[in-house]
There are 2 protein chains.
Amino acid sequence: MPDKLKLTILGRGSAIPSKLANQSSQILGIHSKYMLIDCGEGTQNVIRQLDLSLARLNHIFISHLHGDHILGLPGLLSTLGMLGRKGTLNIYGHANLEKYIEQQISFFGEDFGFPIAFHAIDPFHPAVIYEDKAMKVTSFPLKHSIPSNGFIFEEKPKPLHLCKEKADKYGVPISQYLNIKNGMDYVDEDGRVIPNAELTLPADPSKKYVYCSDTAYNEKMIPLIEHADCLFHEATFLSQQKLRAKETQHSTAAQAAEIARKAKVKQLIIGHISARYTDFEPLLEEAKAIFENTILAEEKKSYWF
Amino acid sequence: MPDKLKLTILGRGSAIPSKLANQSSQILGIHSKYMLIDCGEGTQNVIRQLDLSLARLNHIFISHLHGDHILGLPGLLSTLGMLGRKGTLNIYGHANLEKYIEQQISFFGEDFGFPIAFHAIDPFHPAVIYEDKAMKVTSFPLKHSIPSNGFIFEEKPKPLHLCKEKADKYGVPISQYLNIKNGMDYVDEDGRVIPNAELTLPADPSKKYVYCSDTAYNEKMIPLIEHADCLFHEATFLSQQKLRAKETQHSTAAQAAEIARKAKVKQLIIGHISARYTDFEPLLEEAKAIFENTILAEEKKSYWF
């Protein structure tokens, strides 16, 4: 299992694509799985340009039903089918997203050739929407002009590191390794208890990635997202357009940074930048003045954390 | 009025986008108008990257209703609306395309903010679908797995060049210039007839561009397209995949070239290349062996003729 999560930005723009930015989309690589987050027009083009394996993609998370977050879905599903996909694809989004997918199937007169498991997201309350042995995904409500959800991708606690030398010293049989990695003490044949702490080193930290787009400034999310290793937060506008941000229920770069600071995250990535800007650096500067560890999302680039 | 037509390739690929090719789309620049031909996913992205003026785009021609020719339409229409378009946009395509557009409007719950005039194409017979003073567009049936149309963009005959020296010599008043440019003789005040040929030089040739995609090899189109200044013909496959081409109702590069040769066109551009090819040069070589004046479509590149 790779140590780090890998986030690849496919699109860092907002509603209107520009020379600098495609519509929203990104892929989180976690435990050899690809999790696609939002799917604006052209998502599949960038995936193919980067040679990302579509075989590893089994889960798609859609934040909300504005076109710049879903218009790439029909083409991507069609391509998956043409490439011979047979396995189930899980799609998580607002209940109406299922209707959108059904409309596509109905218009083109055939399904995509593989099963789709659609998972409707509760737009009002945080909820675990995916879970396996090693990780879970939680959706939570954002504050936007239509129902919009953020996503928290969290690794579960990892096993402790077994200290092989100590295990040998106390004659621990291999059959007990897993129990010890999971935190149990070792009791030897004479009934002597070797405390777990004597046999192990701390586990690797579990990572947490949070995606927040589209949303107005919203402190309510802070308890959920705090201490994230990486937070992607939309920063559609500069503070100069603060009123416009409020009207359209988007955030400024400063507001994104304020959330990052208050939530004590380790790293902030800003994106979903408006096509009105022909230079994105001022947005980065604005955010960094409030939260130093900010990165401006770059398309086709990957970030490890 | 610019002398030449300008064809810009936005996408030269087929159903599945690849590193080498986007889905089908191109723009013909004619008499300061932009005519968009097909609109695969990502069309608006390339338009924006090339800074092509969307204000000049009033006509969109869709060959057929496979996803790789229409999936870019919802995003493009949405962007036009967000950029403040108010004028009517004309869309020409199979009758069911109107349903596709209506589905988008119905799903997103609002129209695009400007009027769309939809023009259903007769899928069985050639027909003039657009006409103005200087040009016309004719649709004609192709041979594909679903109804598919080619398009012929033709300039109307242009005015003759008035020979100013001769006009002065014979005392032709300015009020008569337009008549003479349109081919009339000049009759002077004494009733003397000056033949038109004495006063004029030949008109610039009228240009003809033909778009044929998607289609199997089909000689029936030849009488319609012959002597075109430029023919874009799909070449999805190499001749090695001739059977696959027949099954899927597509053409090989050799077949595209054969049509160009038999139709005595001046220039052939091949495109709609399958994503199975990681090198497109062999397709060009195959076509050139039959029709020397062949070009392999390059994306984001413009061709004048």
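Residues numbered from 1 in each chain as written. Chains lettered and ligands numbered in written order. Predicted model: local features only at pLDDT ≥ 70, side-chain atom pairs only at ≥ 80, totals over all residues.

## Let's talk about the overall build of chain A
- Secondary structure assignment for chain A yields 11 helices and 18 strands.
- Seen through its principal axes, chain A has C-alpha atoms that stretch 70 × 50 × 35 Å.
- Counting across all 305 residues of chain A, residues that qualify as buried make up 45%.
- Sequence-distant contacts in chain A: of pairs separated by 6 or more residues, those separated by 24 or more amount to 62%. (Helix = DSSP H or I, 4+ residues; strand = E, 2+ residues; numbered from the N terminus. Buried ≥ 20, exposed ≤ 12 C-beta atoms within 10 Å, placed from the backbone. Contact = placed C-beta atoms within 7 Å.)

## Some remarks on the pairing of strand β5 (residues 89-93) of chain A
Residues and elements named next belong to chain A.
- For β5, the tally of buried residues reaches 4 of 5 residues, placing the bulk of the element in the interior.
- Both strand β4 (residues 57-61) and β5 contribute to a ladder of 3 bridges, which runs parallel. Following the sheet pairing, H59 is matched in β5 by N90.
- Two elements, β5 and strand β6 (residues 116-120), share 5 bridges in a ladder whose sense is parallel. Considered in β6, the bridge of L89 is made with I116.
- Tracing the backbone out of β5, into helix α4 (residues 96-108) and back to the parallel element β6 gives a crossover that is right-handed. (Pairing = 2+ DSSP bridges. Right-handed = clockwise from strand over helix to strand, strands pointing away.)

## Here's the deal with helix α11 (residues 281-288) of chain B
- Three or more residues of α11(B) are buried, namely B:L283, B:E286 and B:A287. Across the axial projection of α11(B), the buried residues extend over an arc of 95 degrees, all falling on one side. (Arc of directions from axis to C-beta.)

## A closer look at the relation of the copies chain A and chain B
- After a rotation of 180 degrees and a shift along the axis of 0.0 Å, chain A superposes on chain B with an RMSD of 0.1 Å. The superposition operator between the copies reduces to a two-fold rotation axis. Taking C-alpha positions as reference, the residue of chain A nearest the rotation axis is A:G42, located at 2.5 Å.
- A high fraction, 100%, of the interface residues of chain A reappear at the interface in chain B, so the copies pair face to face through one surface. (Least-squares fit on C-alpha atoms with pLDDT ≥ 70 in both.)

## With respect to the domain arrangement of chain A
- When its domains are assigned, chain A resolves into domain 1 (6-158 + 204-304) and domain 2 (161-201).
- In this structure, domain 1 of chain A and domain 2 of chain A have C-alpha centres spaced 42 Å apart. (Domains from an automatic or database assignment.)

## A word on the nonpolar core
- Counting 72 residues, the largest nonpolar core has A:L231, A:L268, A:I270 and A:A287 as the members making the most contacts within it.
- Aside from chain neighbours lying at most four places away, what touches A:L268 is A:L231, A:H233, A:A256, A:A257, A:A260, A:A287, A:F291, A:N293 and A:T294.
- Among the nonpolar cores identified, the runner-up in size contains 71 residues, and B:I37, B:V46, B:L73 and B:I129 belong to it. (Core = buried A, V, L, I, M, F, W, Y, C linked by C-beta atoms within 7 Å.)

## Structural notes on the interface of chain A and chain B
- Contact with chain A, which involves 24 residues of that partner, is made by 25 residues of chain B.
- Secondary-structure elements contributing two or more residues to the side of chain A that touches chain B are α1 (43-49), α3 (73-82) and α4 of chain A.
- Take the side of chain A that touches chain B: its biggest share by element is 5 residues, from α3(A).
- A breakdown of the residues in the side of chain A that touches chain B according to their chemical character gives 9 nonpolar, 12 polar and 3 charged. (Nonpolar A, V, L, I, M, F, W, Y, C, P; charged D, E, K, R; others polar.)

## Remarks on the sheet that holds strand β15 (residues 230-234) of chain A
Residue and element names in this part refer to chain A.
- The strand order β7-β8-β9-β14-β15-β16-β17 describes an open sheet built from 7 strands, whose pairing is mixed. The open sheet has two free edges, formed respectively by β7 (127-131) and β17 (294-296), since each of these has just one partner strand. Direction aside, the axes of adjacent strands within the sheet are offset by 20 degrees on average.
- The sheet contact formed by strand β14 (residues 208-212) and β15 spans 4 bridges and is parallel. Paired with Y209 across the bridge in β15 is C230.
- With respect to the sheet, helix α11 (residues 281-288) is in contact with β16 (268-271) and β17, its orientation differing from that of β17 by roughly 170 degrees. (Axes fitted to C-alpha atoms, helices over the stretch in contact; angles between N-to-C directions.)

## As for unusual backbone geometry
- At the junction of A:S213 and A:D214, the peptide bond is cis and its omega measures out at 0 degrees in the coordinates.
- Along the polypeptide, A:D214 turns up in the loop between β14 and α8 (222-225).
- Although it is not a glycine, A:Q249 sits at a positive phi angle of roughly 60 degrees.
- Its location among the elements puts A:Q249 in the loop between α9 (242-248) and α10 (253-262).
- With a phi close to 70 degrees, B:K300 is a non-glycine residue in the positive phi region.
- Position of B:K300 among the secondary structure elements: in the loop between β17 (294-296) and β18 (302-304).

## Here's the deal with the confidence of the model for chain A
- Per-residue confidence for chain A gives a mean pLDDT of 96, with 99% of residues at or over 70.
- This complex was scored by the predictor with a pTM of 0.94 and an ipTM of 0.93. (pLDDT = per-residue confidence, 0-100.)

## Concerning the pairing of strand β8 (residues 135-141) of chain B
Residues and elements named next belong to chain B.
- Of all the 7 residues making up β8, 5 are buried; the element is thus mostly covered by neighbouring parts of the structure.
- Both strand β7 (residues 127-131) and β8 contribute to a ladder of 4 bridges, which runs antiparallel. Residue pairing in the sheet places Y130 in a bridge with V137 of β8.
- Counting the residues between successive antiparallel strands, the hairpin from β7 to β8 contains 3 residues.
- Where β8 meets strand β9 (residues 149-155), 7 bridges bridge the pair, whose relative direction is antiparallel.

## Notes on the environment of B:Q44
- Counting through the fold element by element, B:Q44 comes out in helix α1 (residues 43-49).
- C-beta crowding within 10 Å serves as the criterion here: with 27 such atoms nearby, B:Q44 is assigned to the buried category.
- On a C-alpha basis, the gap between B:Q44 and B:A203 in space is 37 Å, while along the polypeptide they are 159 residues apart.
- Those residues in contact with B:Q44, other than ones at most four positions away along the chain, are A:P17, B:G72, B:G75, B:L76 and B:T79.

## Quick look at the packing of helix α10 (residues 253-262) of chain B against α11(B)
Residue and element names in this part refer to chain B.
- At a closest axis distance of 8 Å, the pairing of α10 and α11 adopts a crossing angle of 35 degrees. The handedness of the crossing between α10 and α11 comes out as right-handed. Facing α10, whose interface residues are A253, A254, A256 and A257, α11 presents L283, E286 and A287. (Left-handed = near helix turned anticlockwise from the far one by under 90°.)

## Thoughts on helix α3 (residues 73-82) of chain B
- Within α3(B), 8 of the 10 residues are buried, which leaves the element mostly enclosed by the surrounding structure.
- Along α3(B), the positions that sit buried rather than exposed are B:L73, B:P74, B:G75, B:L76, B:L77, B:S78, B:T79 and B:L80.
- Buried positions along α3(B) lie against α2 (67-70) of chain A together with β3 (33-39), α1, α2 (67-70), β5 (89-93) and α4 (96-108) of chain B.
- Immediately downstream of α3(B), the backbone of B:G84 shows phi near 95 degrees, a positive value.

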